[in-house]
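# Remarks on the overall topology
Spelled out from the first residue to the last, the chains are:
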Amino acid sequence: CSLLPRQHLTGTLVLSVFTAVLGFFQYGYSLGVINAPQKVIEAHYARVLGIVPMDRLATNASEEDGPVPSTVPSTVPSTIPGTGAWGSTEGMLAPPEDPAASPHVLTMFWSLSVSVFAIGGMVSSFTVGWIGDRLGRVKAMLVVNVLSIVGNLLMGLAKFGPSHILIIAGRAITGLYCGLSSGLVPMYVSEVSPTALRGALGTLHQLAIVTGILISQVLGLDFLLGNDEMWPLLLGLSGVAALLQFFLLLLCPESPRYLYIKLGKVEEAKKSLKRLRGNCDPMKEIAEMEKEKQEAASEKKVSIGQLFTSSKYRQAVIVALMVQISQQFSGINAIFYYSTNIFERAGVDQPVYATIGVGVVNTVFTVISVFLVEKAGRRSLFLAGLMGMLLSAVAMTVGLVLLSQFAWMSYVSMIAIFLFVIFFEVGPGPIPWFIVAELFSQGPRPAAIAIAGFCNWACNFIVGMCFQYIADLCGSYVFVIFAVLLLVFLLFAYLKVPETKGKSFEEIAAVFRRKKLPAKTMTELEELRGGEVA
């Protein structure tokens, strides 16, 4: 039954993977939903907080002190999109005593609304291993869905209370859910997937993310939900996906690796495998699990601290952390969070539609990566993606810097943004989500996924909180910072990241156990030994 990979695809496996990655769909939706209606929500914040609009500041400044300084952040809107005016001032609170500080207050609340999502993810990511082992993979995903439903309800009801508080609280709680889900989902998918399909099914995490981003961008259009009346529904709509996932999880089998290795339930593991594999004989995978179980039994339970102190795991942990850092600090979230603003600076007349174009390209090339990852391998795609992003970041910077001199440079900037996203989806986007689960055997895997998840969310928070301030400070040169970081990540990946395509968990662990050689040399040795599976 192992002649063709498609013969591993059963209805139960497809249902299980689809249901699990709905968690990543919610993650992507939460990433993208805050972008398109930015000005509408900021305008609402300004009305609730009694902050003087920028057009009023401009009028006061021109009458008393001359023009408004150019250092005022560009995120503060002067109009509500589609109306040409700030909107009704009815019910607006009295302006603060220091109106000059108002733009900075608004920028602070907006940045917090964007980045508090990642704070929730950071906090909860440390508990992934515990809850996954305590409840099992499926039950854990069931329980954490409650967080998503609560968080989305708070955002959906934002107009019935202090909107900025409800949105920040809702995104924080949704972040708690996504932090848990971003660890539980790869753990479950990697454990239910056959080796031949592990990479392809692993890239579905990223496909779910970009699909969520794209749908949130489309729904965020002004004439759909991204307007002053409907934006709370827009923010809370991913709660529907949470409800769908909750009910579908009731139909999904538990991870056979969890049942066999963690609980010792051999017969239940066989039943789960038969549901997932159809008529295939489960004994080959059972034998592999037995080998992994014996290996895990020969070592003590691995804590997060031991991952760093034990020489057995140290190099694998460094690789796991660096691929997460490279994903977030590549600059991609700066584009996801602030793409509308970036297109405005590039001179695009309808930046929201350009942002949706990015989402479409994002989704298309993620689908392509599903087929590439088992053909070309993880390492080569990761390197190619980083190199392409580096060149795109340089081109983007050149386009933004020279825009004032040459109008056609706006096209250079736009093309660079699209290429940046394409190369991200080739490797640095999908691969970090599943390669961590591949780098570790059953024993250290939960702790490794927890620390890698925390690292990913911490980097996400730093980018979300700081990018707007850095962009205001650096102007057109902001992506030079990401270009330098991408060069560092490229060199590290070339020297240290091994190939994991087609290898069992134990084969990958064995690579790190014996390695004192660079990853490239190890990969070549593995290929010479026939370790690669075509």
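Residue positions are given per chain, counting from 1 as you read along its sequence in written order. In keeping with the model being predicted, local features are shown solely for residues with a pLDDT of at least 70 and side-chain atom pairs are shown and tallied solely at 80 or more, while totals for entire chains, interfaces and linings include all residues. Each side-chain value is derived from all of the structure's non-hydrogen atoms; neither hydrogens nor water enter the calculation.

## Details of the overall build of the chain
For the record, the criterion: What counts as a helix is a DSSP run of H or I of at least four residues, what counts as a strand is a run of E of at least two, and both are numbered from the N terminus. Buried, partly exposed and exposed residues are distinguished by accessible area as a fraction of the type maximum, computed with a 1.4 Å probe on protein chains only: under 20%, between the cut-offs, and over 50%, respectively. Whether two residues are in contact is decided by their heavy atoms, any of which lying within 4.5 Å being enough. Note on areas: these come from Shrake-Rupley sampling with a 1.4 Å probe, and a residue is covered only by the protein chains present in the view.
Along the backbone of the chain there are 25 helices and 0 strands. The burial tally for the chain puts 58% of its 534 residues in the buried class. In the chain, the proportion of contacts linking residues at least 24 apart, taken out of those at least 6 apart, comes to 82%. Surface exposure of the chain reaches about 21100 Å², of which carbon and sulfur atoms provide 68%.

## What about a nonpolar patch on the surface?
Let me state the cut-off plainly: To count toward a patch, a residue needs a relative accessible area above 30% and no salt bridge. Like charges then connect within 9 Å, nonpolar side chains (Val, Leu, Ile, Met, Phe, Trp, Tyr) within 5 Å. By salt bridge we mean one thing: a side-chain nitrogen of Lys or Arg within 4 Å of a carboxyl oxygen of Asp or Glu.
Where nonpolar side chains cluster on the molecular surface, the patch consists of Phe 406, Trp 408, Tyr 411, Ile 415 and Leu 419 and spans about 540 Å² of accessible area. With respect to the secondary-structure elements, Ile 415 resides in helix H20 (residues 409-426).

## Examining the state of the cysteines
The line we're drawing: What counts as a disulfide here is a pair of cysteine sulfur atoms lying within 2.5 Å.
By the definition in use, this model includes 0 disulfides. Summary of cysteine pairing: Cys 459 is not part of a disulfide, and the nearest cysteine sulfur, belonging to Cys 455, is at 4.3 Å. Look at Cys 459 and you get buried, because its relative accessible area is 6%.

## Digging into the environment of Leu 176
Tracing the sequence through the fold places Leu 176 in helix H7 (residues 163-192). Looking at Leu 176, the relative accessible area reads 25%, which means it is partly exposed. Dropping the residues within four chain positions of it, Leu 176 is found in contact with Gly 120, Gly 121, Val 123, Ser 124 and Leu 147.

## Section: H7
Test applied: To estimate the expected span of a helix, subtract one from its residue number and multiply by 1.5 Å.
The terminal C-alpha atoms of H7, which comprises 30 residues, lie 42 Å apart, in line with the 44 Å expected from a rise of 1.5 Å per residue. Burial analysis of H7 places 25 of its 30 residues in the buried class, the great majority of the element.

## Considering the side chain of Ser 326
Relative to the helices and strands, Ser 326 is located in helix H16 (residues 311-328). Under the relative-accessibility criterion, Ser 326 is labelled buried at 1%. In this structure, Ser 326 is in contact with Phe 382 and Phe 489, ignoring residues within four places of it in sequence.

## Describing the nonpolar core
Formally: Residue types Ala, Val, Leu, Ile, Met, Phe, Trp, Tyr and Cys, when buried and joined through side-chain atoms within 4.5 Å, form a set referred to as a nonpolar core. Domain delimitation follows an automatic or database domain assignment.
Judged by nonpolar contacts, the single largest core of 102 residues is most densely connected at Tyr 27, Leu 307, Phe 440, Phe 467 and Phe 479. Ranked by residues supplied to this core, first place goes to helix H22 (residues 445-474) with 12 residues. Counting contributing residues per domain, this core is built from domain 1 (9-54 + 103-252) and domain 2 (306-502), each supplying no fewer than three. Other than its neighbours up to four places away in sequence, Leu 307 contacts Val 302, Tyr 313, Arg 314, Val 317, Phe 440, Pro 444, Ala 447, Ala 448 and Ile 451. Ile 41, Ile 51, Met 155 and Leu 166 belong to the second largest nonpolar core, which has 22 residues in total.

## Remarks on the packing of helix H21 (residues 431-439) against H22
When two helices pack together, their arrangement is given by the angle between their axes and by how far apart the axes lie. Our working rule: Angles run from 0 to 180 degrees between N-to-C directions of axes, and those axes are lines fitted to C-alpha atoms, restricted for helices to the stretch in contact. Should an angle fall under 35 degrees it is taken as roughly parallel, and over 145 as roughly antiparallel, whereas 65 to 115 is taken as roughly perpendicular and any remaining angle as oblique. By definition, any crossing whose near helix is turned counterclockwise from its far helix by less than a right angle is left-handed, and any crossing with a clockwise turn is right-handed.
Interhelical geometry of H21 versus H22 gives an angle of 155° and a closest axis separation of 9 Å. When the axis of H21 is compared with that of H22, the two are roughly antiparallel. When you trace H21 past H22, the crossing you get is right-handed. Residues Trp 433, Val 436 and Ala 437 of H21 lie in contact with H22, whose contacting residues are Arg 445, Ala 448, Ile 449, Ala 452 and Asn 456.

## Examining the packing of aromatic side chains
Note the threshold: Whether two aromatic rings pair depends on their centres lying within 6.5 Å, for rings of Phe, Tyr and Trp, where Trp uses its six-membered ring; planes under 30 degrees apart make the pair stacked, over 60 edge-to-face, and the rest tilted. To sit over a ring, a charge needs its Lys NZ or Arg CZ within 6 Å of the ring centre and within 35 degrees of the ring normal.
Evaluation of the coordinates by the stated rule reveals 10 aromatic pairs. For the pair Tyr 27 and Phe 117, a centre-to-centre distance of 5.9 Å together with 20° between the ring planes defines the contact as stacked. Of this pair, Tyr 27 sits in helix H1 (residues 11-33) while Phe 117 sits in helix H4 (residues 102-125); the two residues are 90 residues apart in sequence, bridging distant segments of the chain. No difference in accessibility class separates Tyr 27 from Phe 117, as the two residues are buried. Ring geometry for Phe 406 and Trp 408: centres 5.8 Å apart, planes at 45°, overall tilted. Its relative accessible area of 36% is what places Phe 406 among the partly exposed residues. Over the aromatic face of Tyr 260 sits the side chain of Lys 293, whose NZ or CZ is 5.3 Å from the ring centroid.

## Some thoughts on H22
Over its 30 residues, H22 runs 40 Å from end to end, which matches the ideal 44 Å to within 8%, given 1.5 Å per residue. By the criterion of burial, H22 is predominantly enclosed, with 21 of the 30 residues buried. Of the residues flanking the end of H22, it is Gly 475, one or two places downstream, whose phi is positive at about 60°.

## Some points on the environment of Gly 156
Tracing the chain through its elements places Gly 156 in helix H6 (residues 137-156). Every residue in contact with Gly 156, bar those within four places of it in the chain, is listed here: Pro 232 and Gly 236.

## A closer look at the pattern of salt bridges
Enumeration over the complete set of coordinates arrives at 7 salt bridges. In this structure, Arg 257 and Glu 288 form a salt bridge, with 3.4 Å as the shortest nitrogen-oxygen distance. A residue pair is termed long-range when its members are at least 10 positions apart, and Arg 257 in helix H12 (residues 256-262) and Glu 288 in helix H14 (residues 283-297) qualify at 31 residues. Looking at Arg 257, the relative accessible area reads 4%, which means it is buried. Residue classification places Glu 288 among the partly exposed positions, given a relative accessible area of 25%.

## Comments concerning the confidence of the model for the chain
In plain terms, the rule: Per residue, pLDDT captures the predictor's confidence, and it can take any value from 0 to 100.
On average, residues of the chain carry a pLDDT of 77, and 80% of them reach 70 or more. Scored below 50 in pLDDT, residues 516-522 makes 13 contacts in the model with residues more than four places away or belonging to other chains.

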